[in-house]
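# Structure assessment
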Amino acid sequence: MATLALALAGCASKGPQGYGAPSAQQETAAQAQQQLQNAQQATQVDNAQTYLDLITQMQQAGQWYASLAHTEAFEQQYGVNPESRLMRADALRNTGQVEQARQAYLALLQGATTARARRGLGLLYASQGQYGQAVEQLDKARQLNPIDANVLSDLAYAHMLDGRLAAAQMPIMQASQLAPANARVQLNMALFWLASGNQAQASQLLRQLAQPQAKGALPMIDQTSLQTLQAQLASVRDAVRLRGDSLPAEASAGAGAGAAVSSAPVLPSVLPPALPPVPTLGTRPEARATEALPETLPAGITRRILLSEPPGAAGAAPASPL
């Protein structure tokens, strides 16, 4: 009897089992289940971000129609979020769906998406030739993020297309210094120098962009970039002539050492003849030395904004249209 009592006491010392307080095994199982759920949620988030990154790469490569389809697929699978809505708006803008893009951007004018939505609206208006409205939206985006070189560059270019060189000077100078490795920003800087008559400064900058920044690297610009730059220079020249605007002499004094800005509204129509030939991607090495910038532009090049978004291909950054 004493032995049985001791055995019963030993069982009682283990604490309640079953429907009472959970056993150690039950607690361990619950913790394991919670960890599994956390891992599944983390995996879903990682998959969603990976999908968004893939859509971003599509848009950087100019695959706007495909990115629009994948944005819809993403939202069906993971739900709508601010990033996917911005990507959808950008895709709508770049596939010519103007009103749908405008409505999409307007719906994002709140919270953390406001600045990017303002920039999208600015680029949308600029693509329609509504430069006053473009400047208004891009300047609001600049106020929300004063150090965004992409916004500053787009704002300067919209001013230039509106024929306002003096207004373009401050934002393009800021953008150029904030983003020295951004090819599109630097091309807009070169465009400003050319439009304001400063051939020497423009030539120096273009030579730098045409040289590889590191051993084995491609130059920041290629022949296509220069052709588009030449077409845009003609557009800005026409806009300045129509408005009768020019860069004030006192404003040009701080633009850079040796700046010789012409007050004449007639701007140069060709790139500086001293510009060295820039190799075109895919050409044979032995053929590159003979390449030169063509004096006439290919048919079909129109006035469009130099996007500050990263190029799709690595290396040289052609001036892709909006």
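This is a predicted model, so every value here is computed, not measured.

About the cut-offs
- Residues numbered from 1 in each chain as written.
- Predicted model: local features only at pLDDT ≥ 70, side-chain atom pairs only at ≥ 80, totals over all residues.
- Heavy atoms only, no water.
- Helix = DSSP H or I, 4+ residues; strand = E, 2+ residues; numbered from the N terminus.
- Buried < 20%, exposed > 50% of the residue type's maximum accessible area, 1.4 Å probe, protein only.
- Contact = heavy atoms within 4.5 Å.
- Areas by Shrake-Rupley, 256 points an atom, 1.4 Å probe, with all protein chains shown as cover.
- Salt bridge = Lys/Arg side-chain N within 4 Å of Asp/Glu carboxyl O.
- Core = buried A, V, L, I, M, F, W, Y, C linked by side-chain atoms within 4.5 Å.
- Arc of directions from axis to C-beta.
- Phe/Tyr/Trp six-rings, centres within 6.5 Å; stacked < 30°, edge-to-face > 60°.
- Axes fitted to C-alpha atoms, helices over the stretch in contact; angles between N-to-C directions.
- Parallel < 35°, antiparallel > 145°, perpendicular 65-115°, else oblique.
- Nonpolar A, V, L, I, M, F, W, Y, C, P; charged D, E, K, R; others polar.
- Expected span 1.5 Å × (residues − 1).
- Polar contact = N/O pair within 3.5 Å; in protein donor to acceptor, adjacent residues only side chain to side chain.

## Re the overall build of the protein chain
- Looking only at helices and strands, the protein chain features 14 helices and zero strands.
- A burial count over the protein chain gives 40% of its 322 residues as buried.
- Long-range pairs, those at least 24 residues apart, make up 61% of the contacts in the protein chain between residues at least 6 apart in sequence.
- Accessible area for the protein chain stands at about 16800 Å²; split by element, carbon and sulfur atoms hold 55% of it.

## Let's talk about the pattern of salt bridges
- Summed over the entire model, instances satisfying the criterion amount to 12 salt bridges.
- For R102, the salt bridge goes to E99, with nearest N and O atoms at 2.9 Å. One end of the pair, R102, and the other, E99, are both in helix α5 (residues 98-106), three residues apart, so they sit about a helical turn from each other.
- Residue class for R102 comes out partly exposed when judged on its relative accessible area of 25%.
- Judged by its relative accessible area of 41%, E99 is partly exposed.

## Let's talk about the nonpolar core
- Judged by nonpolar contacts, the single largest core of 46 residues is most densely connected at M160, L206 and V236.
- In terms of residue count, the dominant contributor to this core is helix α10 (residues 183-195) (nine residues).
- In terms of nonpolar packing, the next biggest core, distinct from the first, is built from six residues, A48, L52, I55 and M87 among them.

## Some points on α5
- By the burial criterion, the buried members of α5 are A101, A104 and Y105. Along the axis of α5, the buried residues cluster in a sector spanning 95°; they form a single face.

## A few points about the packing of aromatic side chains
- Enumeration according to the criterion identifies four aromatic pairs in this entry.
- Taking the centre distance of 5.7 Å and the plane angle of 75° together, the rings of Y51 and F74 count as edge-to-face. A residue pair is termed long-range when its members are at least 10 positions apart, and Y51 in helix α2 (residues 24-60) and F74 in helix α3 (residues 64-78) qualify at 23 residues.
- Of the residues examined, Y51 reaches a relative accessible area of 14% and is grouped as buried.
- Here F74 and Y78 contribute two aromatic rings whose centre-to-centre distance is 5.2 Å and whose plane-to-plane angle is 40°, an arrangement assigned as tilted. With F74 and Y78 both in helix α3 and four residues apart, the pair spans about one turn of that helix.
- On the basis of relative accessibility, which here comes to 25%, the residue Y78 falls in the partly exposed class.
- A connected cluster of aromatic rings, assembled from ring pairs, spans Y51, F74 and Y78.

## Brief notes about the packing of helix α8 (residues 149-161) against helix α12 (residues 223-243)
- For the pair α8 and α12, the least separation of the axes is 8 Å and the interaxial angle reads 55°. Classified by the angle between their axes, α8 and α12 sit oblique to one another. Taken together, the residues of α12 that come into contact with α8 (itself represented by Y157, M160 and L161) are Q232, S235, V236 and A239.
- For the contact of α8 with α12, the residue count by class is five nonpolar, two polar and no charged.

## Looking at the packing of helix α4 (residues 82-94) against helix α6 (residues 114-127)
- Contact geometry of α4 with α6 gives a least axis separation of 11 Å together with a crossing angle of 5°. Taken together, α4 and α6 sit at an angle that is classed as roughly parallel. For the pair formed by α4 and α6, the contact residues are E83, L86, D90 and R93 on the first element and R116, A117, G120, L123 and L124 on the second.
- When its residues are assigned to classes, the contact of α4 with α6 shows four nonpolar, one polar and four charged.

## A look at the environment of Y157
- Looking at where Y157 falls in the secondary structure, it is placed in helix α8.
- Overall, the relative accessible area of 0% leaves Y157 in the buried class.

## Looking at α4
- When the terminal C-alpha atoms of α4 are compared, their 18 Å separation across 13 residues agrees well with the 18 Å that a helix rising 1.5 Å per residue should span.
- Residues S84, L86, M87, A89, D90, A91, L92, R93 and N94 constitute the buried set of α4.
- Sitting at the head of α4, N81 places a side-chain oxygen 3.1 Å from the backbone nitrogen of E83.

## Description of the side chain of H159
- Mapped onto the elements, H159 comes out in helix α8.
- Given the relative accessible area of 12%, H159 is considered buried.
- Ignoring sequence-local partners within four residues, the contact set of H159 consists of V135, R164, A167 and A168.

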